[in-house]
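Structural description and commentary
One-letter residues, chain by chain:
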Amino acid sequence: MNTPTKPLNAVNGSVNTSPAALNAVGGTVNDRPDHVNTNPTAVNKRQSTGSPTDRPGEGEGGKKQSAAVRLVALARERYTFITSTDGRPYAVAIDGPNLALPLRGRTGLRQRLARLYADTFEGDVASQSALADAMTVLEGIADSEDPVPVHLRVGNDDSGRIVVDLGTADGRAVTVSGADGWHVVERSPVLFRRSGAMAPMPTPVLDGDGLAKLHGLLNMDETTFRQLVAWLVAAWIPTIPHPVLTFKGEQGTGKSKTAQMVVNLIDPSPASKRSQPRDIKAWSAQAFNSWALCLDNISTIPPWLSDTLCKAVTGDGIVDRALYTDDDVVVLSFRRVLAMTTIDAGALAGDLAERLLMLDLQLIEEDRRRTEEELDGRFEEVRPAVLGALFDLLACVLATLPTVRLDSMPRMADFARVLAAVDQAKEWQTLDTYLTASANVAGDALEGDLFGSAVAALVEEARTWTGTAAQLLEQLQPPGGVRPPNWPKDATRAGGKVKRLAPLLRSVGITVDDTQRSRDRHRHKLLILTRTDPPDESASAPQEQTLWPDVAPIGQGHIPPDLH
């Protein structure tokens, strides 16, 4: 027989036998079927015991904030966010050095923010996804502001002062101007970024004989050393192109060690000497992260690297696809200070040869050789005094430059003006030496190009040669009948090759004119190669020329007696 069952909905093991026991909420009994439970304490919420602002990580109403929100709040309390002129976001500490931190990367804000989060919220660690979300928000905050200049190692402020980042953790810098010399300042007046390829510089001091101490470490004569000093001073002027400093000499002349010391004077790095980059992407990564670079033991330079180095001298820009995107791009824009070591300058391309400052090193006698350990120790001892002497000379150059006037402008005209200013300050002849050496380098580069040498020999014999690029290629035969790898393969490449060789040909007295066309119905482009007569030596005797108004003429462009 079926027995009536008691009401179900037992709670905690008890049987609901009374209608009054139904729908009990928060201790309030609903004993009337039509009664609505409106008691506010019946809502099942955890009540906060204090203000949200008194409880870290909680928002309004006591709701716990997400890790990403807390990360953004921590960042905005301590940093301002800017975008550089090349479109990169950075963070700048509100109370700290005037340094731009990238938002991502090993040395960027992301890592610092993760540590700050763990220290602030003990027992809690921000997840990778929370950090990524926070970085995206901060990038948007940075992008809302107008771009500002961000410098690497060397910059200049609105007043024209040159500022050199010492690379120290406290953010100190050196300011240099022609009006009041140089000073070490506690906080840089311009914004700098740092990279893992940078190392700190020692604080410069005034010693009185810093340049002499540097010369004592280097294997070069007085004329060569003066060229080097002028290049070092120009290397801290960020607004001009700098020729590629090239140390040439046989094995045992100390090229690599000299280049290492020179680069570590202007832009110290744990890796001051670099191998030849394998492609343009590897090169751009190196150039973006260092103000000064040295390519060591260069024997041959492929065309793409020659063109890239030329662009880095005058100012380069490389556009690449942004990481993790399909259509966005990033721009690497830079002008760099470059050095190289090589045995044979003839292996260099003609357009690069025009942008070189070639310094020849002599063989070191066995009784004058020193160990690297001894050289490194001595270099560290004298480096503060050397820096002080170089900054002193830089201040003199900046004071003189506004009055420098050259009668004729060489290819690297801005650098030539710096040389003229150095000559006035030190009573040297670096400008004349540089112009003479540049002509010699161009001649060496032409001799190292077999096609260029063949063109020069043809014009020397014919005095004037006119024809198409195809006719030129047909008339010129490679030595031994074997075409070398860089010999033009067709008329188009031959015409382009002659155009690239034009500056080198001009340096040996051969002009190139490709503006004319043949008079037949085909209207072929013609090459007119002409041998110009060398200038009359008697007519080119040194004349009174003025580089600066109302000052003694220095650096006339004549050849010093020891270079005849």
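All figures in this text were calculated on a predicted structure; none of them were measured in a lab.

What counts and how
- Residues numbered from 1 in each chain as written.
- Predicted model: local features only at pLDDT ≥ 70, side-chain atom pairs only at ≥ 80, totals over all residues.
- Heavy atoms only, no water.
- Helix = DSSP H or I, 4+ residues; strand = E, 2+ residues; numbered from the N terminus.
- Buried < 20%, exposed > 50% of the residue type's maximum accessible area, 1.4 Å probe, protein only.
- Contact = heavy atoms within 4.5 Å.
- Areas by Shrake-Rupley, 256 points an atom, 1.4 Å probe, with all protein chains shown as cover.
- Phe/Tyr/Trp six-rings, centres within 6.5 Å; stacked < 30°, edge-to-face > 60°.
- Salt bridge = Lys/Arg side-chain N within 4 Å of Asp/Glu carboxyl O.
- pLDDT = per-residue confidence, 0-100.
- Pairing = 2+ DSSP bridges.
- Axes fitted to C-alpha atoms, helices over the stretch in contact; angles between N-to-C directions.

Here the focus is the overall build of the protein chain. Assigned secondary structure in the protein chain consists of 15 helices and 19 strands. Counting across all 564 residues of the protein chain, residues that qualify as buried make up 46%. Intrachain contacts of the protein chain at a sequence separation of at least 6 include 64% that bridge at least 24 residues. Summed over its atoms, the accessible surface of the protein chain is roughly 30,000 Å², and 50% of this surface lies on carbon and sulfur atoms.

Note on aromatic pairs: each is described by the distance of the centres and the angle between the planes. If you walk through the whole model with that rule in mind, you get five aromatic pairs. Arranged with centres 4.4 Å apart and planes meeting at 20 degrees, the rings of Trp 236 and Phe 391 form a pair that is stacked. Of this pair, Trp 236 sits in the loop between helix H5 (222–234) and strand S10 (244–248) while Phe 391 sits in helix H10 (residues 372–400), placing them 155 residues apart in sequence. Of the two residues examined, Trp 236 and Phe 391, each falls in the buried class. Relative to Tyr 434, the ring of Phe 415 has its centre 5.3 Å away and its plane inclined at 80 degrees; by these criteria the two rings are edge-to-face. Highlighted residues: Phe 415 in helix H11 (residues 413–426) and Tyr 434 in helix H12 (residues 430–447), separated in sequence by 19 residues. For the pair formed by Phe 415 and Tyr 434, the shared burial category is buried. Cluster of aromatic residues (ring-pair linked, three or more members): Trp 182, Trp 236 and Phe 391.

What follows covers the pattern of salt bridges. Taken as a whole and assessed by the stated rule, the structure comprises 23 salt bridges. Across the salt bridge formed by Asp 124 and Arg 70, the nearest N and O atoms sit 3.4 Å from each other. One end of the pair, Asp 124, is in the loop between helix H2 (109–120) and helix H3 (128–143); the other, Arg 70, is in helix H1 (residues 67–78), with 54 residues separating them in the sequence. Exposure remark for Arg 70: the relative accessible area of 6% places this residue in the buried category. Here Arg 194 ties to Asp 165 by a salt bridge, and the two come within 2.7 Å at their closest N and O atoms. With a gap of 29 residues between them, Arg 194 in the loop between strand S9 (192–193) and helix H4 (210–215) and Asp 165 in strand S6 (residues 162–165) connect regions that are remote in the sequence. We classify Arg 194 as partly exposed; its relative accessible area is 25%. Asp 165 sits in the buried class, given a relative accessible area of 1%. Here the salt bridges share partners, and the residues they tie into one network are Asp 207, Asp 209 and Lys 213.

Summary statistics for the protein chain give a mean pLDDT of 80 and a share of 79% for residues scoring 70 or more. In this model, residues 1–55 is a region of pLDDT below 50 whose contacts with residues beyond four sequence positions or in other chains number 33 contacts. For residues 535–564, every residue scores under 50 in pLDDT, and the model assigns this stretch 48 contacts once sequence neighbours within four places are set aside.

Another aspect to go through is the sheet that holds strand S12 (residues 292–298). Read from one edge to the other, the open sheet built from five strands follows the order S11-S12-S15-S10-S16, with strand pairing classed as parallel. Looking along the sheet, the strands with just one partner apiece sit at the ends: strand S11 (273–274) and strand S16 (356–360). Both S12 and strand S15 (residues 337–342) contribute to a ladder of five bridges, which runs parallel. Pairing of Leu 295 across the sheet is with Met 340, part of S15. The strands that H5 touches are S10, S15 and S16; relative to S16, the one it contacts most, it runs at about 145 degrees.

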